[in-house]
Amino acid sequence: MSRSNDTLLLANVSRRGLLKGMAGASALLLAARWDAGLANEKAQFGAGAMPGGWIDNPNVFIHIDADGVVTFINNRAEMGQGIRTSLAMVAADELGADWDQVRVKQATADQEKYGNQNTDGSRSMRHWHEPMRRAGAAARLMLEQAAANQWGVPVSEVHAEVHKVVHSATGRELGFGELAESARELEVPGRNALVLKADSELRFIGKESGLVNGELKSAYPKAVDGEDIVTGKAVFGADVDLEGTLYAVIARPPVYGAGIKSVEDSAALEVPGVKKVIRIETADQPAAFNPLGGVAVVASNTWAAMEGRRALEIEWDMAAAGDNADYTSDAYRAALEKAAQSPGKVIRQSGDVDAALKDAEKRVSATYYMPHMAQSPMEPPVAVVRVKDGKAEAWAPVQNPRATRDGVAGILGLDRENVTVHQTLLGGGFGRKSKPDFVSEAARIAKEFEGQPVKLQWSREDDIQHAYFHAVSVDHLEAGLDAEGKATGWLHRTLSPSIASLFAPDPKHKGEFELGMGFNTMPFSIPSIRLENPPAPAHVRIGWFRSVYNLPHAWAIQSFAHEMAEAAGKDHRDYVLELLGPDREVHNLTVGDGWNYGEDPDLYPIDTARMRRVIERATEEAGWGRESQKGRGLGLAFHHSFVSYTAIVFDVEVDDAGELTIHRADIAFDCGPQANPERIRAQMEGACVMGIGIALKSEVTFQDGVAQQSNFDKYLIPRMPDAPKVVRVHLIDNPDDAMGGVGEPGLPPVAPALCNAIYAATGKRIRRLPVGDQLSG
Amino acid sequence: MASLTINGRQHELDVPDNMPLLWVIRDVVGMKGTKFGCGMAQCGACTVHIDGVATRSCVTPVSAVKGEVQTIEAMADDPVGKKVQQAWLDLGVAQCGYCQGGQIMNATGLLKSNPEPNSQEIIDAMAGNLCRCGTYNRILAAIERAAGKEVSS
């Protein structure tokens, strides 16, 4: 099917107004929403604006066998968000497929064929539910037409039911499998001919199932990879098993940018099983997604390669690393905290903050620190590459297949068309695997072994010491309050190295896509506001970590709002609702955000009413306002990110020894329409636990440019005893707004909510993460 | 030369004595359900059973293995393991799934030695198994379900 620009008649009517007025008219409603994406090539926003855009051709995504088995091609990375199940459910629901007959096959890297495949930014369902519904609806129409042709009746007389097409007048039926061959020959109907199912006809989309807040509501339509996962059959990157595989590890420069002075490899080559030692060039700075360089050891199994690496004697050229070799966390933190006292680049300004602070009845001031962290998915980076006859084939757990393909092509000097990338399951991603440096490393090594597959395995030490680190950050805030405690002025300075430093000379300032993560989009209604961004240089590879800069921005803003409430002597919830001001839509451009997660601000403004609703829901469910015994307290935080809204309340207890118990978390979440509520709940639960780790435990520090943690003994992430005793997820029923992200928005408010709860329980204010042993002091 | 029984099958293996059982299972025998996560018994992704006892295969030299090894691939044939797997599916525990084989092996080991653990016993027993996706609350509920308790968390 060609990418036609069929626009629906409704396109010129204000979409948002229309949506709000049309709840209930489901088919039409969805059609109305589509026009945002229907002009694929010209789109400024959303799925159509992504490289490769969207594709909704059923012949690309849906295959039906003669025996009735329906295979969906999944074009997004599965890293635990359940997308292979959820997208297939969306298409299967619209098609009318019997879930037991549904299989899912993973697409290879091919943006021209499958549309955008870069799985980050909490975009998969937000950008793909509509194309998948269209693909399902078109396939259903083709099956109906095929049946009508066979029976010689008008197509209007037949209709699809679950896995079959029926001619009601005569009671004739044909299964999807029986119709598949003739349906495939038909022309794909135009988008204008598609009628999507009404909500009442849906079996999966938007339906609660599985475990809902501790109760097994109903059987969950089985997860496509569930059985394989629990039986050990699921194939992650490390599990790709090809005949004749060689195994490799790399000793990388301990400091970003360092080179090699000398290598003594004779002992390594004597380790049984070691076949070869290869020097890998240090990438030019900035490194982007290129290999860091180092020395690769190739062997007959992973253990031999690791033993060989242990036996290497390498003298590193630290001079090549420049001042990265002086990078030390304590000194850097002190420098940023000092810089935070001086004005920086003004990002957003209204009113006169200096006057407001000067004239304030009361001034509040605080500086917050969040350290570097490593994403550390449980599956460390790993890739298999085979180079043969001028072509390369890669198998890897990657979030960004296109960048992977281009990286492999680049390092091998091949055309993209000669590189095939097979995307395996990801044993967690969290942003680490959006950087395919490890696949390029494998390709670089495989180049030396024509025809033989090479599996490059990162150890946990490699993963933590050579991460694309979450940016360290300092946020300094000042506020002025009047005699009633009402905020009159708000000054916020944010300092973090930028991810842009990976790709270009270090800008030392955050870019629009970083500031737009909750900094300039801060929605409080305060007469005078000034937001500044003083410089912060990068000394390590900085990269995306789940929720990205929303983490420090939410942590600082939500902690500070609580400090303001305390200074004003007011209830925290009442105070933040006052800060939010009257219900209104804040258009992103009016706060200097031209990014908005790539979405149309007309369709996705910052809606303070939605913010208020999640705050009210979380606090109500948590029993906000009730008396707490000594050492126990409730803490609230909320945040808008990835065009969704989250609020969390923690109920915690801290005993005299400083031992923290998290009794309960109440999470309210509004992502607009919900495709698969079961997995939305799972994402919220998981983000809650991960966020507890960010708040309490996780930190990577540097000394002389070298990461000081290297495994889970020192780089701490949450364990089962750290989880809340009870987690409750409250999904806001909101089919009327446009669909928001799910994978990331649950994370940013966790740390500030937890620290606010700790304050409520103990009176101890946390301004430096992780909490670590600060409670026992 | 090491002689190992894995999931009831005998293997004669030409591997160094100090090679961890994990890499013998994965790279030499070629069974991929047992995962590498940390290499120092910090995460539990590599958990197998040796004579029914949950063991971290990444720090167990192959020469130290005296009993019969069972891996996640054999749990469907184990009455307790099967129950645990089913509870995992019923409650939608897994997210990415990478750690879950190790979690199931550890949970099954627990239920074999303590068929009716209370919540605290489960938490203590599972504290060595990391899940970066943060599925702990569902893991706890699934172990309770496998142990015959009603779901509650």
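Across its full length, chain B carries 5 helices and 5 strands. Reading the helices (α) and strands (β) of chain B from amino to carboxyl end gives β-β-α-β-β-β-α-α-α-α. For a compact globule of 153 residues, the expected C-alpha radius of gyration is about 15 Å, and chain B comes in at 15 Å, within 12% of that figure. Considered along the principal axes of its C-alpha atoms, chain B spans approximately 50 × 30 × 20 Å. For chain B, buried positions account for 61% of its 153 residues. Taking contacts inside chain B between residues at least 6 apart in sequence as the whole, the part at least 24 apart equals 57%.

Moving on to the environment of A:Ala296. By secondary structure assignment, the location of A:Ala296 is in strand E12 (residues 294-299). Those residues within four positions of A:Ala296 in sequence are excluded, and the remaining contacts are A:Ala248, A:Ile250, A:Ile278, A:Ile280 and A:Ile445.

Moving on, we come to the interface of chain B and chain A. Across the boundary between the two partners, chain B contributes 53 residues, which contact 55 residues of chain A. For the side of chain B that touches chain A, the secondary-structure elements that each account for two or more residues are helix H1 (21-29), helix H2 (79-90), helix H3 (100-113), helix H4 (119-126) and helix H5 (136-146) of chain B. Looking at which element gives the most residues to the side of chain B that touches chain A, the answer is H5(B), with 5 residues. Here the side of chain B that touches chain A is built from residues that sort into 30 nonpolar, 17 polar and 6 charged.

To continue, consider the packing of helix H13 (residues 401-412) of chain A against helix H14 (residues 437-446) of chain A. In helix packing, the relevant descriptors are the interaxial angle and the interaxial distance, both defined with respect to the helix axes. Residue and element names in this part refer to chain A. At a closest axis distance of 9 Å, the pairing of H13 and H14 adopts a crossing angle of 30°. As judged from the angle between their axes, H13 and H14 are roughly parallel. The chirality of how H13 crosses H14 is right-handed. Contacts between H13 and H14 involve Thr-404, Gly-407, Val-408, Ile-411 and Leu-412 on the former and, on the latter, Val-439, Ser-440, Ala-443 and Arg-444. Class assignment of the residues belonging to the contact of H13 with H14 gives a composition of 5 nonpolar, 3 polar and 1 charged.

What follows covers helix H6 (residues 124-151) of chain A. Residues and elements named next belong to chain A. With 28 residues, H6 extends 39 Å from end C-alpha to end C-alpha; this agrees with the ideal 40 Å at 1.5 Å per step. Of all the bends in H6, the greatest, near 25°, is centred on Glu-130, and the proline Pro-131 appears no more than four residues after it. The buried fraction of H6 amounts to 23 of the 28 residues, a majority that puts the element mostly inside the structure. Once H6 ends, the next one or two residues include Gly-152, with phi positive near 65°.

So, about the domain arrangement of chain A. All names here are of chain A. Domains assigned within chain A are domain 1 (9-218), domain 2 (237-321 + 381-457) and domain 3 (340-374 + 468-762). The gap between the C-alpha centroids of domain 2 and domain 3 is 37 Å. Domain 2 puts 12 residues into the contact, and the matching count from domain 3 is 14 residues. Its residues placed into classes, the side of domain 2 that touches domain 3 shows 8 nonpolar, 2 polar and 2 charged.

Further remarks concern the domain arrangement of chain B. All names here are of chain B. Along its sequence, chain B is carved into domain 1 (2-72) and domain 2 (74-146). Computed from C-alpha atoms alone, the centre-to-centre distance between domain 1 and domain 2 is 20 Å. Each side of the interface is counted separately: domain 1 has 18 residues, and domain 2 has 14 residues.

A word on the nonpolar core. All names here are of chain A. Core analysis: the largest hydrophobic core is formed by 289 residues, its most contacted members being Ala-248 and Val-385. Among the elements that make up this core, the one with the highest residue count is H6 (12 residues). Those residues in contact with Val-385, other than ones at most four positions away along the chain, are Ala-392, Ala-394, Val-408, Val-439, Ala-442, Ala-443, Ala-446 and Val-454.

Calculation rules
Residues numbered from 1 in each chain as written. Chains lettered and ligands numbered in written order. Predicted model: local features only at pLDDT ≥ 70, side-chain atom pairs only at ≥ 80, totals over all residues. Helix = DSSP H or I, 4+ residues; strand = E, 2+ residues; numbered from the N terminus. Rg over C-alpha atoms; globule rule 2.2 N^0.38 Å. Buried ≥ 20, exposed ≤ 12 C-beta atoms within 10 Å, placed from the backbone. Contact = placed C-beta atoms within 7 Å. Nonpolar A, V, L, I, M, F, W, Y, C, P; charged D, E, K, R; others polar. Axes fitted to C-alpha atoms, helices over the stretch in contact; angles between N-to-C directions. Parallel < 35°, antiparallel > 145°, perpendicular 65-115°, else oblique. Left-handed = near helix turned anticlockwise from the far one by under 90°. Expected span 1.5 Å × (residues − 1). Bend = angle between axes of the 7 residues up to and from the residue. Domains from an automatic or database assignment. Core = buried A, V, L, I, M, F, W, Y, C linked by C-beta atoms within 7 Å.

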